[in-house]
Amino acid sequence: MSEVFRLEVPYREPYTLQRLSFGDSGPSVAVVAGLHGTELTGVHALNLVARTLRMARCKGQVHLFPVVNSYGIEQGTKRWPFDDRDINRAFPGDADGSPVQRIAHALLASTEAEVCLDIHSGSPVVRELPQVRAPLAGAEVELARAMRLPMVWRRAGDRLEATGLVGAWREAGRSALHVVGGRGSTLDVGLARSVANGVLSLLEHKGIVQGVSDPAETLVDTTRAGVDYHYSGVGGFWVPEVGCGDRVRTGQFLGVVTEVVGGDRLEEVRAKRNGVVMSMRCYPVVHARELLVRVAETP
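Predicted model only: the values in this text are computed from it and were never measured.

**Regarding the overall build of the protein chain**
Along the protein chain, the regular secondary structure elements total 6 helices and 17 strands. Its C-alpha atoms give the protein chain a radius of gyration of 20 Å, within 12% of the compact-globule value 19 Å for 299 residues. With respect to the three principal axes, the spread of C-alpha positions in the protein chain is 60 × 45 × 35 Å. Across the 299 residues that make up the protein chain, the buried fraction comes to 52%. Restricting to contacts in the protein chain with at least 6 residues of sequence separation, those with at least 24 account for 68%. Taking the average place of the 34 positive charges on the side chains of the protein chain and the average place of its 34 negative ones, the gap between the two points comes to 3 Å.

Next comes the structure, spelled out in structure tokens:
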């Protein structure tokens with residue numbers, strides 16, 4: 001483990017950005033997690049990847065950044081806690097700017113690799129099936145599919161804005177993927193293992209390691225047009241009947257919104273077509289027009 005950046009902060013030990021590096025010359029991959037302090041799936045996933053790489057012979061370079069917003073993780077806050085700014089909105093950063101701009105600048109400079117991955121979780125109220133988000137076409141789609149995560153979601157202009165890490169990587173000419181899995185503010189060990197396996201599958205695809213992943217099935221490979229969004233029409237108490245990763249068929253009962261007190265049924269939610277549940281609201285109290293379920297279409 002090496003320290004690639006240090007920053008003095010008030011009333012605390014200095015902030016340090018830590019990197020775990022494996023291998024030497026050859027293909028290079030950088031993977032970042034923990035930009036948001038409430039997103040823990042990637043933190044555990046990268047620690048699992050590091051555990052595997054310590055025992056593997058790498059024919060290339062792998063750089064892991066399991067935790068960027070370390071003080072956010074300590075305090076359970078998404079943003080940098082000293083000024084409530086989002087590190088992921090500070091790219092490409094500024095070496096002489098605000099703390100989050102300086103962190104962003106240092107991270108971007110330390111992730112000079114051919115392929116870069118940024119791992120996130122869903123919001124604290126929504127659980128996401130492990131998925132990799134990529135452009136509609138191009139070399140990054142091949143890389144996304146090589147991860148063999150449960151879902152590949154191809155999206156037009158996904159995360160291309162210059163202030164995001166994935167966008168900054170692409171502006172710098174690097175192949176970049178946006179990985180999402182799990183729920184914010186919680187750790188789902190099973191989903192973290194799935195994300196870790198996806199990273200290892202990509203490393204195998206790049207020829208950096210061999211025989212370290214557990215071959216997995218991609219359930220869905222779709223575009224935004226292939227995803228149905230189910231929103232609540234009323235406020236109430238959401239009771240799901242399916243979970244992330246479940247296969248559903250057209251008309252299948254997905255869940256119900258009831259009265260918070262008394263439990264009277266207010267609204268039933270049913271699948272519009274055959275698919276896989278990719279997102280599920282976990283916190284049951286909902287307001288009108290809040291997301292309940294996303295279903296990705298399958299043949």
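**Focus: helix α4 (residues 139-146)**
When we look at burial in α4, the residues that qualify are E140, V141, L143, A144 and A146. Two residues or fewer after α4 comes R148, characterised by a positive phi angle close to 55°.

**Looking at the side chain of R183**
In this structure, R183 sits in the loop between β8 (175-182) and α6 (189-205). Summary of buried charges: R183 has no salt-bridge partner, and the nearest side chain of opposite charge, D188, is 8.8 Å away.

**A look at the state of the cysteines**
The final tally for this structure, using the stated rule, is 0 disulfides. Free cysteine C58: the closest other cysteine sulfur is in C116, separated by 16 Å. Under the relative-accessibility criterion, C58 is labelled buried at 12%.

**Regarding the pairing of strand β9 (residues 220-223)**
Only one face of β9 is buried, namely the one carrying V220 and T222, since none of D221 and T223 on the opposite face is buried. As judged from the 4 bridges shared by strand β7 (residues 151-154) and β9, these two strands associate in the parallel manner. In the sheet register, W153 faces β9, and the bridge partner there is T222.

**Focus: the side chain of E140**
Turning to its location among the elements, E140 is positioned in helix α4. According to the relative accessible area criterion, E140 is buried, its value standing at 13%.

**A few points about the environment of H105**
Turning to its location among the elements, H105 is positioned in helix α3 (residues 99-110). On the basis of relative accessible area, H105 is assigned to the partly exposed category, the value being 34%. For the pair formed by H105 and F5, sequence separation is 100 residues and the distance between their alpha carbons is 9.9 Å. Those residues in contact with H105 that sit more than four places away from it in its chain are P92, G93, D94 and A95.

**Some words on the packing of helix α1 (residues 41-53) against α6**
Taken N-terminus to C-terminus, the directions of α1 and α6 make an angle of 50°; their axes are 8 Å apart at the nearest point. Considered as vectors, α1 and α6 are oriented oblique to each other. Judged by the twist between their axes, the crossing of α1 over α6 is right-handed. Across from T41, H44, A45, L48, V49, T52 and L53 in α1, the residues of α6 making contact are V189, L191, A192, R193, V195, A196, V199, L200 and L203. Per-class residue counts for the contact of α1 with α6 are 12 nonpolar, 3 polar and 1 charged.

**Side note on the nonpolar core**
Ranked by internal contacts, the top residues of the largest apolar core, which has 35 residues, are L53, L64, L117 and M147. Beyond its immediate sequence surroundings of up to four residues, L64 is in contact with Q18, R19, L20, F22, V31, L46, V49, A50 and L53.

**Observations concerning the packing of α4 against α6**
Viewed as axis vectors pointing N to C, α4 and α6 meet at an angle of 120°, and their least axial separation amounts to 8 Å. The angle between the axes of α4 and α6 places the two elements in the oblique class. For the pair α4 and α6, the contacting residues are E142, L143 and A146 in the first and S201, L202 and H205 in the second. Tallied by class, residues from the contact of α4 with α6 come to 3 nonpolar, 2 polar and 1 charged.

**With respect to the sheet that holds strand β14 (residues 265-270)**
Ordered in space as β14-β13-β11-β16, the 4 strands form an open sheet in which the pairing is antiparallel. Unpaired on one side and paired on the other, β14 and β16 (285-286) mark the two borders of the sheet.

Conventions adopted
- Residues numbered from 1 in each chain as written.
- Predicted model: local features only at pLDDT ≥ 70, side-chain atom pairs only at ≥ 80, totals over all residues.
- Heavy atoms only, no water.
- Helix = DSSP H or I, 4+ residues; strand = E, 2+ residues; numbered from the N terminus.
- Rg over C-alpha atoms; globule rule 2.2 N^0.38 Å.
- Buried < 20%, exposed > 50% of the residue type's maximum accessible area, 1.4 Å probe, protein only.
- Contact = heavy atoms within 4.5 Å.
- Lys, Arg positive; Asp, Glu negative; His and termini not counted.
- Charge placed at Lys NZ, Arg CZ, Asp CG, Glu CD.
- Salt bridge = Lys/Arg side-chain N within 4 Å of Asp/Glu carboxyl O.
- Disulfide = S-S within 2.5 Å.
- Pairing = 2+ DSSP bridges.
- Axes fitted to C-alpha atoms, helices over the stretch in contact; angles between N-to-C directions.
- Parallel < 35°, antiparallel > 145°, perpendicular 65-115°, else oblique.
- Left-handed = near helix turned anticlockwise from the far one by under 90°.
- Nonpolar A, V, L, I, M, F, W, Y, C, P; charged D, E, K, R; others polar.
- Core = buried A, V, L, I, M, F, W, Y, C linked by side-chain atoms within 4.5 Å.

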